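# Descriptive structure summary
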Amino acid sequence: MTNPMHGPNRFKLGIFSANADGGLTLTKVPERWPAKWGEIVEVAQMADRAGIEFFLPIARWKGYRGETNSRQHSYETFTFAAALAGVTKNIALFSTVHVPMVHPVFAAKALATVDQASNGRAGLNVVAGWNPEEFALFGLDKVDSPYDQAAEWIDIITRLHTGESFDFKGKYYDLKGAVSQPGPVQDPRPVVLNAAFSPPGRNFAANHADFLFTTFSSIEAGADTITDIRARAATTGRDVGVYTTTHVVCRPTRAEAEAYYERYTVTEVDAEALDHLATAREKHTQSHDEATYRLYRQRFAGGAGTYPLVGTPNEIADQMIRMAEAGFAGTTVSFVNFKDDMPFFLGKVLPLLKEAGLRE
Ligand SMILES: Cc1cc2nc3c(=O)[nH]c(=O)nc-3n(C[C@H](O)[C@H](O)[C@H](O)COP(=O)(O)O)c2cc1C
């Protein structure tokens, strides 16, 4: 079968962070996502039935403290994808993997396992990582240029997936007789995203990934990112697309959507967790531009700094159409409670995207 990431829809959609409690939010509202296994399966199946292209977990090892300690409860992403392979039919199943924490020989074998179990639906989302608490949990120090290691890492995985047996001597890895069988179903390898924002991250995506997965502060700024990544990829003759990421509050009226957004991101925000995340991220990652930090604290409470889509089905579809026009290959969506919020979104917004010619 064709991995849906290579399918015909002009604007593809993914469900992001359903594997972690709170999803992408930092809110205390009682209906916040508990990330219980049975409900995750229901959500994955709902997305699968609706023709959503991909299911993308977040890679987290520690919570953000505060009252909710959101993301402390999260599922490991290779085993997550493998388990979902058995209960879904068409949707692509990504694993989000921290380069420094996971050995590439293990990653190659795990990814091929998911690809075999899902008949070619596996995807790899490469992340450099940024959170020193998570590095410490593995006994690691955060490195200054993670993408040098990432380049060796993905090179090893790609070569293993071609069926090669080889010795490898790099700065980070020294392997004798590396081999991994069986290989993946996808040829030459499963789809690769790279979640990054900075110029070194974009260079890595340009050289090694199929898609950059990135944030933007406005749709216009997102268009600049697309031009930038295309130019970087063109220097090596590659074609690299860009996916972005949003959080969604979709309601019959704009007033309802805004009132709910205000409630979960301001009135009921987990302020201590928000302070912890905002401070830690500002110190340790450039994955959003400065304007995003200053002006959009609410976006961190609403969806970890992703772009808010708050409004009626028409308003949300219109913004997605603008994203497609700006050149995005698609976006992820996240919700306060995936199971409760997705039916309205899927039922109302997808037909509008179809009408606009963005999806079949
Ligand atoms: C859209 C997006 C998704 C990300 N998802 C994760 C994640 O799941 N786990 C994680 O530790 N870091 C995640 N990151 C952070 C990256 O791993 C990286 O630390 C950050 O982007 C800074 O690196 P950069 O210099 O490449 O921008 C994500 C970043 C972006 C832009």
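Below is a short write-up of the structure. (Residues numbered from 1 in each chain as written. Predicted model: local features only at pLDDT ≥ 70, side-chain atom pairs only at ≥ 80, totals over all residues. Heavy atoms only, no water.)

### A few points about the overall build of the protein
Counting its regular elements, the protein contains 13 helices and 11 strands. Taken against the 2.2 N^0.38 rule, which gives 21 Å for 360 residues, the C-alpha radius of gyration of the protein at 19 Å falls within 12% of a compact globule. With respect to the principal axes defined by its C-alpha atoms, the protein has extents near 60 × 45 × 40 Å. Sorting the 360 residues of the protein into buried and exposed places 57% on the buried side. Within the protein, residue pairs in contact and separated by at least 24 positions form 76% of the contacts whose partners lie at least 6 positions apart. Approximately 14,300 Å² of the protein is accessible, and the part contributed by carbon and sulfur atoms is 51%. Distance between charge centres in the protein, computed from 36 positive and 42 negative side chains, equals 1 Å. (Helix = DSSP H or I, 4+ residues; strand = E, 2+ residues; numbered from the N terminus. Rg over C-alpha atoms; globule rule 2.2 N^0.38 Å. Buried < 20%, exposed > 50% of the residue type's maximum accessible area, 1.4 Å probe, protein only. Contact = heavy atoms within 4.5 Å. Areas by Shrake-Rupley, 256 points an atom, 1.4 Å probe, with all protein chains shown as cover. Lys, Arg positive; Asp, Glu negative; His and termini not counted. Charge placed at Lys NZ, Arg CZ, Asp CG, Glu CD.)

### Quick notes on the site of the ligand
Contacts to the ligand come from 19 residues, most closely from R60, H98, Y147, F197 and S198. Here an oxygen atom of the ligand and a side-chain polar atom of R60 are 2.8 Å apart. F197 is positioned with one of its backbone polar atoms (N or O) 2.9 Å from an oxygen atom of the ligand. Within the complex, the protein chains bury 92% of what would otherwise be the 610 Å² of accessible surface of the ligand. For the shell around the ligand, the residue count by class is 10 nonpolar, 8 polar and 1 charged. (Near = heavy atom within 4 Å. Polar contact = N/O pair within 3.5 Å; in protein donor to acceptor, adjacent residues only side chain to side chain. Nonpolar A, V, L, I, M, F, W, Y, C, P; charged D, E, K, R; others polar.)

### What to know about the nonpolar core
Formed by 83 residues in total, the largest nonpolar core has its most connected members in I15, F55, L124, W153, M320, M342 and F345. Looking at this core element by element, the count peaks at 8 residues for helix α13 (residues 338–355). Membership of the second largest hydrophobic core comes to 16 residues, among which are A20, L24, L56 and A92. (Core = buried A, V, L, I, M, F, W, Y, C linked by side-chain atoms within 4.5 Å.)

### Focus: the packing of helix α5 (residues 146–161) against helix α6 (residues 199–208)
In the contact formed by α5 and α6, the axes pass within 10 Å of each other and the chain directions differ by 15°. Taken together, the axes of α5 and α6 are roughly parallel relative to one another. The two elements α5 and α6 meet at a crossing, and its hand is right-handed. Within the contact between the two elements, α5 uses Y147, A150, A151 and I154 and α6 uses P200, G201, F204 and H208. Per-class residue counts for the contact of α5 with α6 are 6 nonpolar, 2 polar and no charged. (Axes fitted to C-alpha atoms, helices over the stretch in contact; angles between N-to-C directions. Parallel < 35°, antiparallel > 145°, perpendicular 65-115°, else oblique. Left-handed = near helix turned anticlockwise from the far one by under 90°.)

### Examining the packing of aromatic side chains
Scanning all chains against the criterion turns up 18 aromatic pairs. The rings of W33, F335, F338 and F345 are connected pair by pair, giving a single aromatic cluster. It is R159 that lies over the ring of F166; its NZ or CZ is 4.1 Å from the centre. Directly above the ring of Y260 sits R251, whose terminal nitrogen or CZ lies 4.7 Å from the centroid. (Phe/Tyr/Trp six-rings, centres within 6.5 Å; stacked < 30°, edge-to-face > 60°. Lys NZ or Arg CZ within 6 Å of the ring centre and 35° of its normal.)

### Describing helix α3 (residues 104–117)
Here α3 contains 14 residues, and its C-alpha end-to-end distance of 20 Å stays within 8% of the 20 Å for a straight helix at 1.5 Å per residue. Taken together, the buried positions of α3 are P104, A107, A108, A110, L111, A112, V114 and D115. Where α3 is buried, its residues contact α2 (77–85), β3 (92–98), β4 (122–127) and α5. Among the residues trailing α3, N119 stands out with phi positive, at a value near 55°. (Expected span 1.5 Å × (residues − 1).)

### A short note on the pairing of strand β5 (residues 166–169)
The side-chain alternation of β5 yields one buried face, formed by F166 and F168, and one unburied face, formed by D167 and K169. Looking at chain direction, β5 and strand β6 (residues 174–178) are connected through 3 bridges and run antiparallel. Pairing of F166 across the sheet is with A178, part of β6. Remark: 4 residues form the turn of the hairpin made by β5 and β6, two consecutive strands paired antiparallel. (Pairing = 2+ DSSP bridges.)

### Considering α13
An ideal rise of 1.5 Å per residue puts 26 Å on 18 residues; α13 measures up with 24 Å between its terminal C-alpha atoms. Considering bend angle alone, the principal kink of α13 is centred on L346 and spans about 30°. Buried residues of α13: F338, D341, M342, F345, L346, V349, L350, L352 and L353, and no others. Buried residues belonging to α13 abut β1 (12–16), α1 (37–49), β9 (241–250), α12 (313–326) and β11 (330–334). (Bend = angle between axes of the 7 residues up to and from the residue.)

### Remarks on a nonpolar patch on the surface
A cluster of nonpolar residues, W61, L137 and F138, forms a patch on the protein surface that exposes about 260 Å² of accessible area. Tracing the backbone shows L137 in helix α4 (residues 132–137). (Patch = residues over 30% accessible without salt bridge, like charges linked within 9 Å, V, L, I, M, F, W, Y side chains within 5 Å. Salt bridge = Lys/Arg side-chain N within 4 Å of Asp/Glu carboxyl O.)

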